[in-house]
Structure formats: structure tokens, C-alpha cells
Amino acid sequence: MIPVQSPELEFALSAVRQAMKVTMAVSRQLAHMEQAKEDRSPVTVADYAAQAVVAALLAERFPQDALLGEESSAALRGPESAGLLEKITEFVRLIFPKASAKDVLAWIDRGRGKPEGRFWTLDPVDGTKGFLRGEHYAVAFALLEEGKVKAAVLGCPHLGPGGVFEKEGPGTLSAALQGAGSWVTRADSGHFQRLKVSAHSQPCDIQALRSVEASHANASNMETVFRRYGIHKTPILMDSQAKYAFVAGGFGDLFFYLTPVKRPEYRMKIWDVAPGALVIQEAGGRITDMRGGALDFTHGETLAVNPGLVISNGRIHEMALKALREVQASRETIT
Ligand code: AMP
Ligand code: MG
């Protein structure tokens, strides 16, 4: 049992566990499929099926609450998508054995609620490219009230205790409750341990992380910042919000999402940030945008007023922001 009393957090943990059963079942099937690398359909199936399951569970447990998920059913409604919908329904039946294709469409669309007042946000498969490579991805789920993240769960099927990569799972669940803390458990048990960020403060000790997709991270600019700050360790490459769980556990210290060189107007989506933000903050870490501004979750689907992100163990945050400002001022960056 998690050592706090919160019906919402209990619910979020059980919903993410069920969603992970679905994504991991798709992933196991994927491992046995001979397919072209470009075929994205397995992750599409996992995405839709996991969103349908979480939306259906939320409708049962908190029927008044809105859900803002990444997916909508629009692309599944035409006759050309019948096969895909059938496949999605097959995986939803792992959790809801009597589900029909019609139920699945309705559940997915229940996940397109308005992000206002009290609502939940879900990225059913965060890190789709990681999922397809058999590497890190996360089921990311959070409750927001009036722009504040109240409860969050990151289900990371390939992140084992101690931050090690686990090929076969079951992975870990990292959970946070606002004002109370962050905890981690193996996904197949209920034994929670407190998450706490590292105490590293010296550049030589800093272990940075980076998105595998270099364009997300704006990797070349990020490396300039690391050099400026005196960070010499090679960054660990990891997809998805698993990075937040990793830093919350003290296994890494710092990562950035700098706005992409070619799309400086790009803003993160709320489901890509809110769950990880609470897990890191409640473990003693810090998250701001790349100018040092507080995150503002009151602008609908995107973090419209927050360019980029800096995520750290807290101690090194100001120094990382300073290095970033210096690099920008000296026009070493191209953004
Ligand atoms: P990552 O941490 O690189 O696996 O990315 C996490 C999430 O952020 C994914 O859902 C991406 O789609 C999204 N994301 C982050 N940065 C970008 C970007 N520059 N362009 C498009 N998507 C991005
Ligand atoms: Mg995502």
C-alpha cells in the first residue's frame, strides 16, 4: 500500500496498472511480428486501447471527471479502419471482456474532455518511438485541479528498480501526491519506497539525460550548454517521461527540452509534462521552462507560455539556467 490516503492516487495507480497490461501485451506481440520498421500500427493499437481502458475505468470511478487524452476516435470511424478497430477492441477485452467496438470508440472519445477546473490528463503511450524500438516508454496519467497537478502516476514498463533497463518488464510505477511525496514500486507488487533526487551539486558529478530523438532535445544546443557548465559525463539517452522517474530516483540529475531549432514556437503538450512534473517536484527536484519560468497548466492542451523545459535535482537548477542564458546570449546556439 502507498503510505498516503488518496482515493484519486489509488485509482490512478490501478488504472495505469491496467493500461500497462494492455501496452505490454501489444509489445509482446510486436516482438514476434516480422514487420517493416516503419509500420507504426502496433503503437497505434497500444495507444488507443490503453486510452479506452483508462477512460472506461475513470467513467466508473469518477463519472463527473473530464479526461484529456492524446487520442480521439476520428481516424477510427471510417470503413478503412475496421481492421485496426477490431485489433484495438481485442486488446481492450483483456481488461473489459465484453467490450464492443462501439464501446471502444465511445471510451476513446470520453478522453477528449475539456482541460478546465478538475480534469485528468493521459498520455497512453508516451515515447511512441521508444515503444516501437522495445525501449523506454511510459503510461503517464495525472489529475489537475485549477492548474495544479494534484496526483500523478508514471508507469514505466522497462524501468526497473535502481534505474536499470528491464527488457521483459514488469517495470515500475512512480506515483506522486501534491504536498505529500513521490514513491516507486515494482509494477507487480505494492511495496512502495520513497523517491528522492540526488544531492549532486558539482558539474563533475552531474549525470545528464537526453531524449533519444535528437530533435526533441535540440541536442547540439544542449551539448553546448553542458560544455559551458562543465558537465563531462556522456548523457544517458532515454525516451519518454521515464526520464522524470529516473531523475526522481536519484539516478540522473538534469535534462532539457530546448525548443527545436526548426520550430522555436513548439510547445509541449500537457500530458507530456504534468505527470512527470509532480513526480520530480515531490521527490525534491525542480522543473521550469527554459527561461526559469514556473509551469502554467491553465492554457488547455499545450504549455503555451512555457518555451522548453529544464528538469533537475533542484540543487543545480539555477546553475543550469545560468549556463543556458549564457549560451543564448553568446549566440552559440542557433535558436
Ligand atoms: P521524448 O522525451 O523525446 O521521448 O518526448 C516526449 C514527448 O514530447 C513525446 O510525446 C514527443 O512527441 C513530445 N515532444 C517533445 N519535444 C518535441 C518536439 N520538439 N517536437 C515534437 N514532439 C516533441
Ligand atoms: Mg507523449
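Fair warning: this is a prediction, and the values are worked out from it, not measured in the lab.

Participant: Looking at this model, I keep getting lost on the pattern of salt bridges. Mind explaining?
Facilitator: Pairs can form between side chains of opposite charge once their charged atoms are near each other. Following the criterion strictly, the structure yields 16 salt bridges and no others. The partner of Arg186 in a salt bridge is Glu166, and the shortest N-O contact between them spans 3.3 Å. One end of the pair, Arg186, is in strand β6 (residues 181–186); the other, Glu166, is in the loop between β4 (148–156) and β5 (172–177), and 20 residues separate them in sequence. Relative accessible area serves as the criterion here: at 32%, Arg186 is assigned to the partly exposed category. Given a relative accessible area of 13%, Glu166 falls into the buried group. For Arg228, the salt bridge goes to Glu326, with nearest N and O atoms at 3.5 Å. In this pair, Arg228 is assigned in helix α7 (residues 219–229) and Glu326 in helix α10 (residues 317–329), connecting sequence segments 98 residues apart. What makes Arg228 partly exposed here is its relative accessible area of 36%.

Participant: Please explain α10 as it appears in this structure.
Facilitator: Because an α-helix packs 3.6 residues into every turn, residues spaced three or four apart end up facing the same way. In this model α10 runs 18 Å from its N-terminal to its C-terminal C-alpha over 13 residues, within 8% of the 18 Å that 1.5 Å per residue would give. The complete set of buried residues in α10 reads His317, Ala320, Leu321, Ala323, Leu324 and Val327. All buried residues of α10 fall inside an arc of 160 degrees around its axis, so they share one side. The inward-facing, buried residues of α10 abut α7, β10 (254–257), β11 (286–288) and β12 (309–312).

Participant: What should I look at first to understand the packing of α7 against α10 in this one?
Facilitator: Each pair of packed helices can be summarised by the angle the axes make with each other and by the distance between the axes. The interhelical angle for the contact between α7 and α10, taken along N-to-C directions, is 115 degrees, at an axis separation of 9 Å. In terms of orientation, α7 lies roughly perpendicular with respect to α10. In the crossing of α7 with α10, the sense of the turn from one axis to the other is right-handed. In this structure, α7 uses Thr224, Val225, Arg228 and Tyr229 to contact α10, whose residues at the interface are Met319, Ala320, Ala323, Leu324, Glu326 and Val327. Across the contact of α7 with α10, the residue classes break down as seven nonpolar, one polar and two charged.

Participant: What is the right way to read the coordination of the magnesium ion (ligand 2) from this model?
Facilitator: In an ideal tetrahedron of four donors about a metal, each angle is 109.5 degrees. In an ideal octahedron of six donors, the angles are 90 or 180 degrees. Around the magnesium ion (ligand 2), the protein supplies Asp123 (OD), Asp126 (OD) and Asp272 (OD) as donor atoms, at distances of 2.0 to 2.3 Å. We note that the donor set of the magnesium ion (ligand 2) lies within a single chain, spaced as D-x2-D-x145-D. As far as burial versus exposure is concerned, Asp123 and Asp126 are alike and both buried.

Participant: Mind showing me how you'd approach the sheet that holds β12 here?
Facilitator: The pairing of strands in a sheet happens through backbone hydrogen bonds and is either parallel or antiparallel. In space, the three strands of this open sheet follow the order β10-β12-β11, with antiparallel pairing throughout. If you trace the sheet from one side to the other, it starts and ends with β10 and β11, each paired once. For this sheet, the mean angle separating the axes of adjacent strands, direction not counted, is 10 degrees. Sheet topology places β11 next to β12; three bridges connect them, and they run antiparallel.

Participant: When you look at the site of ligand 1 in this model, what are you seeing that I'm missing?
Facilitator: What surrounds ligand 1 is a group of 13 residues, the closest being Ser211, His216, Ser240, Lys243 and Tyr257. Take Tyr257: an N or O atom from its side chain is 2.4 Å from an oxygen atom of ligand 1. Protein contact buries 85% of the 480 Å² of open area that ligand 1 shows by itself. Within the shell around ligand 1, the residues separate by chemical class into four nonpolar, four polar and five charged.

Participant: Would you take a moment to explain the domain arrangement of the protein chain for this structure?
Facilitator: One frequent convention defines the size of an interface as the accessible area lost when the parts assemble. Domain assignment breaks the protein chain into domain 1 (7–194) and domain 2 (203–329). Taking the mean C-alpha position of each, domain 1 and domain 2 sit 23 Å from one another. The interface of domain 1 with domain 2 comprises 41 residues on the first partner and 25 residues on the second. Ranking the residues of domain 1 by area buried against domain 2 places His136, Val149 and Leu154 at the top, with a combined share of 19%. At the junction of domain 1 and domain 2, the tally comes to four salt bridges. Across the salt bridge formed by Glu301 and Arg112, the nearest N and O atoms sit 2.6 Å from each other.

Criteria and thresholds
Residues numbered from 1 in each chain as written. Chains lettered and ligands numbered in written order. Predicted model: local features only at pLDDT ≥ 70, side-chain atom pairs only at ≥ 80, totals over all residues. Heavy atoms only, no water. Salt bridge = Lys/Arg side-chain N within 4 Å of Asp/Glu carboxyl O. Helix = DSSP H or I, 4+ residues; strand = E, 2+ residues; numbered from the N terminus. Buried < 20%, exposed > 50% of the residue type's maximum accessible area, 1.4 Å probe, protein only. Expected span 1.5 Å × (residues − 1). Arc of directions from axis to C-beta. Contact = heavy atoms within 4.5 Å. Axes fitted to C-alpha atoms, helices over the stretch in contact; angles between N-to-C directions. Parallel < 35°, antiparallel > 145°, perpendicular 65-115°, else oblique. Left-handed = near helix turned anticlockwise from the far one by under 90°. Nonpolar A, V, L, I, M, F, W, Y, C, P; charged D, E, K, R; others polar. Donors = N, O, S within 2.8 Å, 3.2 Å for Na, K, Ca; no water. Pairing = 2+ DSSP bridges. Near = heavy atom within 4 Å. Polar contact = N/O pair within 3.5 Å; in protein donor to acceptor, adjacent residues only side chain to side chain. Areas by Shrake-Rupley, 256 points an atom, 1.4 Å probe, with all protein chains shown as cover. Domains from an automatic or database assignment. Buried area = accessible area lost by both parts, 1.4 Å probe.

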